[in-house]
Amino acid sequence: MKPFHHRLARYSLLLLPLAAHGAAWAQSNAYPSRPIRIVNPYGAGGLGDVSFRLIAPLMEKQLGQPLVIENKPGASGNLGAADVARAAPDGYTLLLGAVNNFATNQYLYRDMGFDPLTAFDPIALISNAPTIVVVNPAIPARSLRELAAYAKERPGKVNFGSPGIGTPPHLAAEYFANLANVSMTHVPFNGSPPVVLALLRNDVNVAFYTAGPIAGPLKAGTIQPIAVAANERLDILPNVPTTTEAGYGALQTGSWIGLAAPKGTDPAILDKLNAAVRQALADPEVRRRYADMGMLTGNTSRAQFSSLIDAEATRWKKVIADAGIAK
């Protein structure tokens, strides 16, 4: 028989994995024990900021800790995203990211210093503001098919506005042009207000925008919505068909917002955060407020959000390459 101290050492080695598992369980079970920092890589009042502030109080009640939103804009969201990518994977620094941060910027910028597809653990999709295809009323197109036909008859003469190169409105228009096999001219502006003004003047003929920036002209009827790039109609535009109904089912675009943690975060912590997001999004008042702003609630599992990111990255990589877009 082996000496007692040898047997004791052997049993201790066998118990080490159990002890480590117990410590991890205790850590995740106690989480969170202090405020959680939420990094929004854009300015206050944007889509992500508004989306999250509506659910933050409900999440705080569930988690028992404050959620401190830190707006850190710069470099199309890359500055704030890089901050989270470098943070400790302990669940106390999270990224409130957009489609840019997870699925498009890596194909627009030569070197961001990190790879979004490997730097984060996705938690949950929070909201999606589908693209609304709008035209100046002087353009004789009241459907996507009519717009495609109109553009095909005038190669390069139909122009569309966006708030900048590589932004979701720019990419959505390029994607439509690709699907419809038409050539349109991109007119980039510095931000959304000048795009809307140019659309009202018919200086640009078409725009692919979410509801927020064009809410006033939509309500006034001074621009014409012809399609919503989603599988379901928006409550604020019940008579406007979806792109699926219009025969362009692949044109599912928008500005979506999701929550993610640095890579390597304890899955139990990620699950707890996912549950908090989903419970908050199930609140009827939250759903009503989102609908009033032309947004759909996310309410995804971690795996579903991860699959969405992968699919979006694959799609936009091709669109960006085909259009020759780079920054």
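Higher on the page you've got the structure.
These notes cover the structure that comes with them. Note that this is a predicted model, so its numbers are computed, not measured. (Residues numbered from 1 in each chain as written. Predicted model: local features only at pLDDT ≥ 70, side-chain atom pairs only at ≥ 80, totals over all residues. Heavy atoms only, no water.)

### Regarding the environment of proline 122
Link 1 in the chain: Along the chain, proline 122 falls in strand 4 (residues 120-130).
Link 2 in the chain: For proline 122 and serine 307, which are 185 residues apart along the polypeptide, the C-alpha to C-alpha distance reads 9.5 Å.
Link 3 in the chain: Excluding its chain neighbours within four sequence positions, the residues that come into contact with proline 122 are Leu259, Ala260, Arg302, Phe305, Ser306 and Ile309. (Helix = DSSP H or I, 4+ residues; strand = E, 2+ residues; numbered from the N terminus. Contact = heavy atoms within 4.5 Å.)

### Overview of the packing of helix 4 (residues 99-108) against helix 12 (residues 302-323)
Link 1 in the chain: Packing of helix 4 against helix 12 brings their axes to within 9 Å, and their N-to-C directions diverge by 30°. The angle between the axes of helix 4 and helix 12 places the two elements in the roughly parallel class. Along this stretch, helix 4 crosses helix 12, giving a crossing that reads as right-handed. Taken together, the residues of helix 12 that come into contact with helix 4 (itself represented by Val99, Phe102, Ala103, Thr104, Gln106, Tyr107 and Leu108) are Phe305, Ile309, Glu312, Ala313, Trp316, Lys317 and Ile320.
Link 2 in the chain: Looking at the contact of helix 4 with helix 12 residue by residue, the class counts come to 10 nonpolar, two polar and two charged. (Axes fitted to C-alpha atoms, helices over the stretch in contact; angles between N-to-C directions. Parallel < 35°, antiparallel > 145°, perpendicular 65-115°, else oblique. Left-handed = near helix turned anticlockwise from the far one by under 90°. Nonpolar A, V, L, I, M, F, W, Y, C, P; charged D, E, K, R; others polar.)

### Re the sheet that holds strand 6 (residues 159-162)
Link 1 in the chain: Judged by pairing direction, the sheet is mixed, and its five strands sit side by side in the order 7-6-8-5-9 without closing on themselves. Looking along the sheet, the strands with just one partner apiece sit at the ends: strand 7 (185-188) and strand 9 (224-228). Neighbouring strand axes in the sheet, compared pairwise and without regard to direction, differ in orientation by 30° on average.
Link 2 in the chain: Bridging between strand 5 (residues 132-135) and strand 9 involves four bridges; their strand directions are antiparallel. Within the sheet, the bridge partner assigned to isoleucine 132 lies in strand 9 and is valine 228. (Pairing = 2+ DSSP bridges.)

### Quick look at the sheet that holds strand 10 (residues 254-262)
Link 1 in the chain: With respect to topology, six strands assemble into an open sheet ordered 2-1-3-10-4-11, the strand pairing being mixed. With one partner strand each, in any of the chains shown, strand 2 (67-71) and strand 11 (296-297) form the two edges of the open sheet.
Link 2 in the chain: Taken together, the five bridges between strand 1 (residues 36-40) and strand 2 define a ladder with parallel strand orientation. Across the sheet, arginine 37 pairs through a bridge with valine 68, a residue of strand 2.
Link 3 in the chain: Against the sheet, helix 3 (residues 78-85) contacts strand 1, strand 3 (93-98), strand 4 and strand 10, and its axis sits at roughly 145° relative to strand 3.

### Here we look at the nonpolar core
Link 1 in the chain: Grouped together as the largest cluster of nonpolar side chains are 50 residues, with contacts concentrated most on Phe120, Leu144, Phe176 and Met184.
Link 2 in the chain: Broken down by element, this core gets its largest block of residues, seven residues, from helix 7 (residues 168-180).
Link 3 in the chain: For phenylalanine 120, the residues in contact, after removing those within four places along its chain, are Ala81, Val84, Ala85, Leu95, Phe102, Phe114, Ala260, Ala261, Pro262 and Lys263.
Link 4 in the chain: Leu94, Ala261, Ile269 and Leu270 belong to the second-largest nonpolar core, a separate cluster that totals 32 residues. (Core = buried A, V, L, I, M, F, W, Y, C linked by side-chain atoms within 4.5 Å. Buried < 20%, exposed > 50% of the residue type's maximum accessible area, 1.4 Å probe, protein only.)

### Comments concerning the environment of alanine 177
Link 1 in the chain: Along the chain, the position of alanine 177 falls in helix 7.
Link 2 in the chain: When its relative accessible area of 9% is taken as the criterion, alanine 177 is described as buried.
Link 3 in the chain: When the C-alpha atoms of alanine 177 and alanine 151 are compared, they prove to be 9.0 Å apart, with 26 residues separating the residues in sequence.
Link 4 in the chain: Apart from residues no more than four positions distant in its own chain, alanine 177 is found in contact with Val182 and Met184.

### With respect to the packing of aromatic side chains
Two aromatic rings, taken as a pair, are described by how far apart their centres are and by the angle between their planes.
Link 1 in the chain: Evaluated as defined, the whole model comprises nine aromatic pairs.
Link 2 in the chain: Between phenylalanine 102 and tryptophan 256 the ring centres are 6.0 Å apart and the planes differ by 10°, which places this aromatic pair in the stacked class. Taken together, the residues span a long stretch of sequence, with phenylalanine 102 in helix 4 and tryptophan 256 in strand 10 at a distance of 154 residues. Per residue, the accessibility class of phenylalanine 102 equals that of tryptophan 256, and both read buried.
Link 3 in the chain: Taking 5.7 Å as the distance between ring centres and 55° as the angle between the ring planes, the aromatic pair formed by phenylalanine 176 and tyrosine 248 counts as tilted. Of this pair, phenylalanine 176 sits in helix 7 while tyrosine 248 sits in the loop between strand 9 and strand 10, and the two are 72 residues apart along the sequence. When sorted by exposure, phenylalanine 176 lands in the same class as tyrosine 248, which is buried.
Link 4 in the chain: Among the aromatic residues, those joined into a cluster by ring pairs are Phe102, Phe114, Phe120, Trp256 and Phe305.
Link 5 in the chain: Directly above the ring of tyrosine 92 sits arginine 34, whose terminal nitrogen or CZ lies 3.7 Å from the centroid. (Phe/Tyr/Trp six-rings, centres within 6.5 Å; stacked < 30°, edge-to-face > 60°. Lys NZ or Arg CZ within 6 Å of the ring centre and 35° of its normal.)

### Details of helix 7
Link 1 in the chain: Compared with an ideal rise of 1.5 Å per residue, which puts 13 residues at 18 Å, helix 7 spans 18 Å between its outermost C-alpha atoms and is within 8% of the ideal.
Link 2 in the chain: In terms of burial, helix 7 is a largely internal element, 11 of the 13 residues being buried.
Link 3 in the chain: Considered for burial, the residues of helix 7 that qualify are Pro168, Pro169, His170, Leu171, Ala172, Ala173, Glu174, Tyr175, Phe176, Ala177 and Ala180.
Link 4 in the chain: A positive backbone phi angle near 60° is found at asparagine 181, which sits one or two residues after helix 7. (Expected span 1.5 Å × (residues − 1).)

### Focus: the pattern of salt bridges
Link 1 in the chain: This model, assessed by the stated rule, comprises 13 salt bridges.
Link 2 in the chain: A salt bridge links arginine 37 to glutamate 70, with the nearest nitrogen and oxygen atoms 2.7 Å apart. A residue pair is termed long-range when its members are at least 10 positions apart, and arginine 37 in strand 1 and glutamate 70 in strand 2 qualify at 33 residues.
Link 3 in the chain: With a relative accessible area of 29%, glutamate 70 lands in the partly exposed category.
Link 4 in the chain: As a salt-bridge pair, aspartate 83 and lysine 72 come within 3.1 Å of each other at their nearest N and O atoms. Residue aspartate 83 is found in helix 3, and its partner lysine 72 is found in the loop between strand 2 and helix 3; the two are separated by 11 residues along the sequence.
Link 5 in the chain: The network of salt bridges with shared partners includes Arg37, Glu70, Lys72 and Asp83. (Salt bridge = Lys/Arg side-chain N within 4 Å of Asp/Glu carboxyl O.)

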